[in-house]
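Descriptive analysis of the structure
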Amino acid sequence: MTDTDIRQRFLFPDSDIRGEIVRLQASVTQALAGHDYPMVIEGLLGEALSAVSLLAGTLKFEGRLSLQAQGQGALTLLLAESTHDSEVRALARADIPAESAETKLPALLGDGVMAITIRPEAGAQYQGLVPMERTDLAGCLEDYFAQSEQLPTRLWLAAGNGHAAGLLLQRLPNRVASAAHNADTWQHLTTLADTLGLEELLDLPADTVLHRLFHETPPQLSTPSPIRFGCTCSREKVARTLLSLGVGELQAILAEQGEARVSCDFCSSEEVFDAVDLTALLHELGAKPH
């Protein structure tokens, strides 16, 4: 199989246990491009991209899933998003001292909060808070599933050197097998997965990882799904943002700068609205430039 930027779903026969594995490279490179993130933040962004790719695989509708952490510490924002069709993006805002050796997410966020938000293209938005009682992102998300979804879920996340990867195992309600059988199988599979080194998860092809872990009880594999970086920014959205500033602010920008330059925090692309463009926006607001 092609083993770059993919999500591979799998099921274990005769049980109610599912799994997913993701590997990311190009999308991580694009998410980091144009930013000068410290190494620890690059790692957290890679893990977050892997996490939302895994979680988006559980969506049963068209929409967008986001993982957002905000805090008062050196890391003030960590945001990763994935659509139902595996288009991902991410960004962070942080001021990490060069001499800092801190790598634990709660410590970096300080007094922080983390949430998962699901935005269907049709229907109501849902948001659930992620407990921050564990030191890593995978552990925090496991606690979220235990409290919010009430589905036993384990995650293993790894990132580094422009790559990221993740593995998810989830125990579904008992339909195919008995509760006792599912409990025994779950214990067996998670014990095997705990033997996986993060370097193995990051460096080995997905099919190799699955074979090494589960060759005695091989899972049924679905067709791999491609994952790609994608940003929703557009000139039209920038125009709406500028219009929202109002007449006075637009007139001030036109008089003082002669143009407006707006960069996207996600993809670093830049839209330039020159004097003619700004004048047209002012006309749209029913005003005349000074």
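Report on the accompanying structure. (Residues numbered from 1 in each chain as written. Predicted model: local features only at pLDDT ≥ 70, side-chain atom pairs only at ≥ 80, totals over all residues. Heavy atoms only, no water.)

1. Observations concerning the pattern of salt bridges
- In the structure shown here, the tally under the stated rule is 15 salt bridges.
- Between Arg154 and Asp194 there is a salt bridge, with the nearest N and O atoms lying 2.8 Å from each other. Here Arg154 is found in strand E8 (residues 153-160), whereas its partner Asp194 is found in the loop between helix H5 (179-193) and helix H6 (198-203), with 40 residues between them in sequence.
- Here Arg154 falls in the partly exposed class, since its relative accessible area comes to 22%.
- According to the relative accessible area criterion, Asp194 is partly exposed, its value standing at 44%. (Salt bridge = Lys/Arg side-chain N within 4 Å of Asp/Glu carboxyl O. Helix = DSSP H or I, 4+ residues; strand = E, 2+ residues; numbered from the N terminus. Buried < 20%, exposed > 50% of the residue type's maximum accessible area, 1.4 Å probe, protein only.)

2. Here we look at the sheet that holds strand E7 (residues 126-130)
- Spatially, 6 strands are ordered E7-E6-E3-E4-E5-E12 in an open sheet, and the strand pairing comes out mixed. The outermost strands of the open sheet, each flanked by one partner alone, are E7 and strand E12 (228-229).
- As paired strands, strand E6 (residues 113-120) and E7 are joined by 5 bridges and run antiparallel to one another. Each residue of the ladder has a partner; that of Thr117, found in E7, is Gln127.
- Along the sheet, helix H2 (residues 39-56) makes contact with strand E3 (63-70), strand E4 (75-83), strand E5 (87-94) and E6, crossing E4 at roughly 35 degrees. (Pairing = 2+ DSSP bridges. Contact = heavy atoms within 4.5 Å. Axes fitted to C-alpha atoms, helices over the stretch in contact; angles between N-to-C directions.)

3. Overview of the pairing of strand E9 (residues 163-171)
- Most of E9 sits out of view: 8 of its 9 residues are buried.
- Pairing geometry for E8 and E9, over 8 bridges, is antiparallel. Bridging across to E9, Ala158 finds its partner in Ala165.
- Adjacent in sequence and paired antiparallel, E8 and E9 are bridged by 2 residues, among which Asn161 carries a positive phi angle near 55 degrees.

4. A closer look at the packing of aromatic side chains
- Following the criterion strictly, the structure yields 4 aromatic pairs and no others.
- Ring geometry for Phe10 and Phe12: centres 5.7 Å apart, planes at 90 degrees, overall edge-to-face. Accessibility classification places Phe10 together with Phe12 in one group, the buried group.
- Geometrically, the ring pair formed by Phe12 and Phe214 is edge-to-face, given 5.1 Å between the ring centres and 85 degrees between the ring planes. Remark: Phe214 occurs in helix H7 (residues 206-214) and Phe12 occurs in the loop between strand E1 (6-11) and strand E2 (17-24); sequence separation between them is 202 residues.
- Phe12 sits in the buried class, given a relative accessible area of 4%. (Phe/Tyr/Trp six-rings, centres within 6.5 Å; stacked < 30°, edge-to-face > 60°.)

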